[in-house]
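Chain and residue survey
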Amino acid sequence: MNKPENHTPRRQFIQQSAALSATVMLVGPTQLLTENKAMKNTASKGYAAKSKSDKLDIWSFERRAVGDNDILIDVKFSGICHSDIHQIRGHWGAQTYPQIPGHEIAGVVSAVGKNVTKFKVGDQAGVGCMVDSCMTCTSCTNGEEHHCDNHATVFTYGSPDKTSPTGITQGGYANNLVVKEHFAIRIPNTIRLQDAAPLLCAGITTYSPLMRSGFAKGDKVGVAGIGGLGHLAIKLAVAKGAEVYAFTTSESKRKDILGFGAKEVIVVDSLDKLKPYAGRLDYMISTIPYAYEVSNYLACVRPYGSFTQVGQPVGGQLTINNSIFMYSRVNYNSSLIGGIPETQEVMDHCAENKIYPQIEVISAKDINATWDKVVNKEARYRYVIDMATIS
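Residue numbers restart at each chain and count upward from 1, following the sequence in its written direction. For a predicted model such as this one, the threshold for reporting local features is a pLDDT of at least 70, and the threshold for listing and counting side-chain atom pairs is 80 or more; totals across whole chains, interfaces and linings nevertheless cover every residue. By convention in this description, side-chain values take in all heavy atoms of the structure and omit both hydrogens and water.

- An unreviewed UniProt entry annotates the protein chain as Alcohol dehydrogenase catalytic domain-containing protein of Spirosoma arboris.
- UniProt positions are given in the numbering used here, feature names are shortened, and annotations may be inferred rather than shown by experiment. The UniProt entry for the protein chain carries the following text under Sequence similarities (unreviewed entry): "Belongs to the zinc-containing alcohol dehydrogenase family."
- A UniProt comment under Cofactor (unreviewed entry) is attached to the protein chain, and it reads "Zn(2+)".

**Points about the confidence of the model for the protein chain**
- pLDDT measures how confident the predictor is about each residue, on a scale from 0 to 100. Of the residues in the protein chain, 90% reach a pLDDT of 70 or more, and the chain-wide mean stands at 91.
- Residues are treated as being in contact if the distance between any of their heavy atoms lies within 4.5 Å. Counting interchain partners and residues more than four positions distant, the pLDDT-below-50 stretch residues 1-38 has seven contacts.

**Details of the UniProt feature "domain: Enoyl reductase (ER)" (unreviewed entry) in the protein chain**
- The positions UniProt marks with the feature "domain: Enoyl reductase (ER)" (unreviewed entry) are residues 52-390.
- Segments assigned H or I by DSSP are reported as helices when at least four residues long, segments assigned E as strands when at least two residues long, and all are numbered from the N terminus. What you have in residues 52-390 is 23% helix and 25% strand, and the ends, taken at the C-alpha atoms, are 22 Å apart.

**Examining the packing of aromatic side chains**
- Here the aromatic set is Phe, Tyr and Trp, taking the six-membered ring for Trp, and pairing holds for ring centres within 6.5 Å; pairs whose planes are under 30 degrees apart are stacked, those over 60 apart are edge-to-face, and all others are tilted. All told, the structure shown has eight aromatic pairs when counted by the stated rule.
- Between Phe307 and Tyr332, the ring centres sit 6.0 Å apart and the planes meet at 20 degrees, which makes this aromatic pair stacked. A residue pair is termed long-range when its members are at least 10 positions apart, and Phe307 in strand E14 (residues 301-309) and Tyr332 in strand E15 (residues 331-334) qualify at 25 residues.
- The rings of Tyr245, Phe247, Tyr277, Tyr292 and Tyr297 are connected pair by pair, giving a single aromatic cluster.

**Comments concerning the sheet that holds strand E11 (residues 243-248)**
- When DSSP locates at least two bridges between a pair of strands, those strands are taken to pair. With parallel pairing, six strands are arranged side by side in an open sheet as E12-E11-E10-E13-E14-E15. Edge positions in the open sheet fall to strand E12 (264-267) and E15, since each of these has one partner strand only. Taking the axes of each pair of neighbouring strands and ignoring which way they run, one obtains an average angle of 20 degrees across the sheet.
- Pairing analysis gives five bridges linking strand E10 (residues 220-224) to E11, with the strands arranged parallel. Across the sheet, Val221 pairs through a bridge with Val244, a residue of E11. Convention adopted: a line fitted to C-alpha atoms gives each axis, helices being fitted over their contacting stretch, and angles between N-to-C directions are expressed from 0 to 180 degrees.

**Concerning the packing of helix H5 (residues 202-213) against helix H10 (residues 340-353)**
- Contact geometry for H5 and H10: axes closest at 10 Å, N-to-C directions at 95 degrees. With respect to H10, the element H5 is oriented roughly perpendicular. Residue-level contacts link Gly203, Ile204, Tyr207, Ser208 and Arg212 of H5 to Glu342, Thr343, Glu345, Val346 and His349 of H10.
- Taken together, the residues of the contact of H5 with H10 break down into three nonpolar, four polar and three charged. Reported orientations rely on four angle classes, namely roughly parallel under 35 degrees, roughly antiparallel over 145, roughly perpendicular from 65 to 115, and oblique for the rest. The residue classification treats Ala, Val, Leu, Ile, Met, Phe, Trp, Tyr, Cys and Pro as nonpolar and Asp, Glu, Lys and Arg as charged. All others, Gly included, are polar.

As structure tokens, then:
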């Protein structure tokens, strides 16, 4: 006697197929493709260094899948920061390779996870110097994710990352980026993406200490080092009503600096040029990215005024002559980028007030030559890579 045929598996298949067909009719194939794509690692390509001495070259790799709280950004522009060079060349310590630099990233959202509420497909978005933190400590919950109390800040490239198929975070010299929505910045449609990109590092790095210094309209603010960061510091300080004094070693920048709104340009070809300004400034910010004698610059600030160092030299070491420092009575401090709320603030502020960086857009094939120009102080004033030129 034959056993009755079991039709349950076939019946389930028919029911599931019917349900899937209904779903296709309801949501359409594009959403299904997006959902299916989010289940897989994200194919990417960008310009990576294979060692600290190698030139950057095209490299195909994978990023993590787009998770429930992630967005996928099609990168349109990526700014070149001197920090990219320092880190890739091992100036700040041993690195893991291959590594793709870039933390001034601007693009368009092409996919979102199911829990994302801050962005939708088609929005302009950017990523700066960090992509994760513990999100539970006092610093993180107060908008200072870059100072995570649990030392869990994950920087945009070169940081150990268990979610990355390469083992480390990979930066923005690439065609795309997967990031938690919390660490992405909304870029208003009133600012071009190529202008927005430098604000995500150079902008926030100068904006944060400038705003926290509390200078008043009409105060004398000094800016030392007029490059990618320094020229934005001038523009931001001028927009807030400061009388800006710019200190540079490049006479060729004088006309540009005055065009940025500075009241006076001091070409420091010798430290004697600083003496007439002793005690005259209310506040000073230095973006100088190499080791130098700080004390004579400090002395330009009035007693009990403040001096902020944001440039990070090789090895992180600066020289301070204490005999000068103690008599100046100036408060010295240093500053590291800014948190996500403050980064959104500077983006919105610059878009609303039309404060744009001075940029030169380059092709991806010119990255290595451009790095040489940055090192040789030839930047005028921020190079931005057009990521559509990746081949």
